[in-house]
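Architecture and fold: a report
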Amino acid sequence: MKPLASVEPKPSHGISRWRVGLLALGLSLGLASASAAAPLKVAFVYVGPVGDAGWSYAHDQGRLALEKELGAQVKTTYVESVPEGADAERVIRQLAVDGNQLIFTTSFGYMEATVKVARMFPKVVFEHATGFKKTKNLGVYETRFYEGAYLLGVLAGGTTKSNTLGFVGSFPIPEVIRNIDAFTLGAQSVNPKIKTKVIWVNTWYDPGKERQAAETLIAQGADVMCQNTDSPATLQVAQEKGVYACGWDSDMSRFAPKAQISANINNWGPYYVKVARDVIAGTWKPSDTKLGIADGGVKLAPVLPSVPAAAVKAFEDKKAAIAAGTFAPFQGPIKDQSGTVRVPAGSVMSVPDMMAINWYVAGVEGSIPK
Amino acid sequence: MSLDTWIAIFVSTVVAATPLIYAALGELVTEKAGVLNLGVEGMMLVGAVVGFIVGVNSGSLVLGYLAAMLAGVLMSLVFGVLTITLQANQVATGLALTLFGAGLSAFVGRSYAGQPIDGADALHIPLLSDLPVVGALLFQFNALVYGSIALFFAVQWFLSRSHAGLRLRAIGEAPSVSHAIGHPVQKTRYRAVMFGGACSGIAGAYLSTALTPMWVEGMSSGRGWIALALVVFATWKPLRVLLGAYLFGGVTVLQLYAQGFGLTVPSEFLSMLPYAATIVVLVIICRDPKTILLNQPASLGKGFHPDA
């Protein structure tokens, strides 16, 4: 069988797509002789370059974990920097034609393309990250990232001296609002006087602007910051000005060794291993999986030694409680900015409510841009 | 607002405006010679990645800046050969240069994405930096910020007072006449283009080593285009480029502060403001055809061949 030139650096998506074409040729020739013991072919589609130190990087770490865990049982390929849109469908289809039996599409914008290709290839298993459309050969998965945001909030609330936290937001969508709320609730659990200031930059990625937003927050009194954007600029500013910040998506401590109190990390590896095992064993079923602290899908980076011991203890306690299922970040009573109780004591916000959240909890300043 | 807040706004503004000043002053000189180089964004990105790589590997930011300038010059030479020697269309070539620079920088910087670097430190000037208020306002920047002001004075002096500068402007206005009286049109245009390249290169290196010390694909996020708009906005006057850059920087920073103070203007609207400001200024200056025509180089964007 022709060896699959599985993973090698690809200069740009233009070239990588061309290579996928070449691979297809090699594979269709090779497939005929494939035996039953052949490794499971697994493909990944990334929206950014794997070196982005954020979202796509985390998925690629998951792919590497899968290779490490299952060794010769799997053979992985990836295509990076695939734009969300017509190109995505072509890439995914090509990967299916290439004989990949399990395909992970790792960005929300691939949803329609994945659904379409999944219909064309009923024998191939598809897994789409952060989507909500499930079919008989397409499962969806995502992480409960707000659990990490809540825990970062606990640390932040115990670290701040000004009682003012700063949050650099990308776009005012439920995902980001949920993280801001969770971060604030976490901080308030150890320090009820907490206020969170939010600045929206209207971009996922513009280090210069993220930097200015962080500077603004510091000038307005914030001394612990968090950001739901993709670059470590906020941490760099914090390090420079001698305040604190949180890493996001990956451990960013190398950018700010004195400022990162901890980081919220997506850890996809265990899930990828589980899905591949199920596919190999023939027991895979489409599911809507939400990964969190309990199953290791969300991890926190090591806590900065200068964080006060009381805050670290509260953090560890809450982490254990979330893992044990005895505590949820959006557990009542939760009030919104006007003081109205949105989640009564003794109940937990429902998943659909959480997915559509469009209000700030009490303690967050300003209003959500409409 | 407290005094500290005003100082913070001022400092953020200056820091945000610096890359725009470098890139726009370089482009201004290029355009004054009659060459329109739309490749600023691409040259900035290449400058950013080269400055970063050399800075990381040599441990010296100064070497990084020199390399970034050299990289910008090389990029601009590609443009120069195509448009000045081979007479290719300047607009199309400039756009191609931007796309090329974006791809090339991403390719070259692959293994450097997500690496930290020790960024440029603020200069500490004995006595001055320790002054209350004034010290925090004016004497706490890194060297490149002061360099941008120095560059402004140099460009201002060059274009209005020096023999070579007057010749460059004459070439930008009327290349055939300049050629007829013996000025080296092609050579001057090459030099102007290379100067623009060097300035864009250093603007890029400022982003990757001073503003946000890291390299990531596409990190200039459209600042090259803002620099191009600034040159028109400033009607080809260096002082107005300088003020325009601070205005741009200031509006961006102020909109972030406004959000922090709970101003309920939609942030999308505020994000749009700098660009809206350009359009408004363009409309205002266009009402007075004399101002714009007096300063716009008459041969801007048009090729010139000495034998034609």
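Residue numbers run consecutively from 1 along every chain, following the written order of its sequence. Lettering of chains starts at A and numbering of ligands starts at 1, both following the order in which they are written. Predicted model: local features are reported for residues with pLDDT of at least 70 only, side-chain atom pairs are reported and counted for 80 or more only, and whole-chain, interface and lining totals are derived from all residues. The basis for the side-chain values is all heavy atoms of the structure; hydrogens and waters are excluded.

This part covers the interface of chain B and chain A. Whether two residues are in contact is decided by their heavy atoms: any pair within 4.5 Å suffices. Opposite the 32 residues of chain B that make contact, chain A presents 34 residues. Throughout, the accessible surface (probe 1.4 Å) given up by two parts as they are put together, summed over both, is called the buried area. Of the roughly 2,800 Å² buried where chain B meets chain A, counting both sides, 53% is carbon and sulfur surface. Three residues stand out in chain B for area buried against chain A, namely B:Arg110, B:Met214 and B:Leu256, and they jointly supply 21% of the buried area on that side. What counts as a salt bridge is simple: a side-chain nitrogen of Lys or Arg found within 4 Å of a carboxyl oxygen of Asp or Glu. One salt bridge in this structure joins A:Glu80 and B:Arg110, with 3.2 Å as the shortest N-O distance. Two N or O atoms form a polar contact when they lie within 3.5 Å of each other; inside protein one atom must be a possible hydrogen donor and the other a possible acceptor, and for residues adjacent in sequence the pair counts only when both atoms belong to side chains. Scanning the region where chain B abuts chain A turns up seven residue pairs in polar contact (both at pLDDT 80 or more). Contributions of two or more residues to the side of chain B that touches chain A are made by α1 (3-32), α9 (185-211), α11 (238-260) and α12 (267-286) of chain B. A helix here means a DSSP run of H or I that spans at least four residues, while a strand means a run of E at least two residues long, and both kinds are numbered starting from the N terminus.

This brings us to the pairing of strand β6 (residues 164-169) of chain A. Residues and elements named next belong to chain A. Note on classification: 1.4 Å probe, protein chains only; a residue is buried when its accessible area is under 20% of the maximum for its type, exposed when over 50%, partly exposed between these limits. Counting buried positions over the six residues of β6 gives six, a clear majority of the element. Note that β6 and strand β7 (residues 195-200) share six bridges and pair parallel. Considered in β7, the bridge of Leu165 is made with Thr196. Handedness of a crossover: with both strands directed away from the viewer, a clockwise path from the first strand across the helix to the second marks it as right-handed. Crossover connection from β6 via helix α6 (residues 174-190) to parallel β7: handedness right-handed. By this definition, two strands are paired if DSSP reports at least two bridges between them. With four bridges connecting them, β6 and strand β8 (residues 224-227) associate as parallel partners. Opposite Gly166, over in β8, you have Met225 as the bridge partner.

It is worth spelling out the sheet that holds β6(A) at this point. The pairing of strands in a sheet comes from backbone hydrogen bonds and takes either a parallel or an antiparallel form. Residues and elements named next belong to chain A. As summarised here, the arrangement of the six strands in space is β7-β6-β8-β9-β10-β12, forming an open sheet in which the pairing is mixed. Each edge of the open sheet is held by one strand with a lone partner, namely β7 and β12 (298-300). Sheet twist, expressed as the mean angle between neighbouring strand axes with direction ignored, is 20°. Relative to strand β9 (residues 244-249), β8 is paired through two bridges, and the arrangement is parallel. Between N-to-C directions, angles span 0 to 180 degrees; the directions come from axes that are lines fitted to C-alpha atoms, helices contributing only their stretch in contact.

Turning our attention to the nonpolar core. The definition of a nonpolar core used throughout is a set of buried Ala, Val, Leu, Ile, Met, Phe, Trp, Tyr and Cys residues joined through side-chain atoms within 4.5 Å. Counting 80 residues, the largest nonpolar core has A:Met225, B:Leu25, B:Leu28, B:Val155, B:Tyr206, B:Trp215 and B:Leu230 as its most contacted members. The dominant element in this core, judged by the number of residues it contributes, is α1(B), at 11 residues. In contact with B:Leu230, not counting residues within four places along its chain, are B:Leu20, B:Ala24, B:Val241, B:Gly244, B:Ala245 and B:Phe248.

Looking now at the sheet that holds strand β3 (residues 102-105) of chain A. Residues and elements named next belong to chain A. Across the sheet, which stays open at both edges, the six strands sit in the order β2-β1-β3-β4-β5-β11 with parallel pairing between neighbours. Both outer strands of the open sheet, β2 (74-79) and β11 (288-291), are each paired with one neighbouring strand and no more. Across the sheet, the mean angle from the axis of one strand to that of its neighbour is 20°, orientation sign disregarded. The pairing of strand β1 (residues 40-45) with β2 spans six bridges and is parallel.

Residues and elements named next belong to chain A. A cis amide bond links Gly332 with the next residue in sequence, Pro333, at an omega value of 0°. When you line up the elements, Pro333 lands in the loop between α10 (309-324) and β13 (334-335). A positive phi angle is found at Asp249, which is not glycine, with a value near 75°. Inspection of the secondary structure assignment puts Asp249 in strand β9. Relative accessible area serves as the criterion here: at 7%, Asp249 is assigned to the buried category.

Another point: a nonpolar patch on the surface. Residue and element names in this part refer to chain B. Together, Leu3, Phe10, Leu128, Leu131, Val133, Val134 and Leu138 give the surface a local cluster of nonpolar side chains, amounting to about 530 Å² of exposed area. Within the secondary structure, Val134 is located in helix α5 (residues 134-138). The exposure class of Val134 is partly exposed, given its relative accessible area of 37%. A patch consists of residues exposed above 30% relative accessible area that lack any salt bridge, with like charges linked at up to 9 Å and nonpolar side chains (Val, Leu, Ile, Met, Phe, Trp, Tyr) linked at up to 5 Å. Using a 1.4 Å probe, accessible areas were evaluated by the Shrake-Rupley method; residue-level cover was limited to the displayed protein chains.

This part takes up the packing of aromatic side chains. Residues and elements named next belong to chain A. The pairing test for Phe, Tyr and Trp rings, Trp by its six-membered ring, is centres within 6.5 Å, and the orientation test on the planes gives stacked under 30 degrees, edge-to-face over 60, and tilted for anything in between. The final tally for this structure, using the stated rule, is 20 aromatic pairs over all chains. Geometrically, the ring pair formed by Phe44 and Phe104 is stacked, given 4.9 Å between the ring centres and 15° between the ring planes. With Phe44 in strand β1 and Phe104 in strand β3, this pair connects stretches of sequence that are 60 residues apart. Each of the two residues, Phe44 as well as Phe104, counts as buried. Chaining the aromatic ring pairs together yields one cluster made of Phe44, Tyr46, Trp55, Tyr78, Phe104, Tyr141, Trp268, Tyr271 and Tyr272. To sit over a ring, a charge needs its Lys NZ or Arg CZ within 6 Å of the ring centre and within 35 degrees of the ring normal. For Lys318, the ring lying beneath its charged end belongs to Phe327, and the centroid distance is 5.0 Å.

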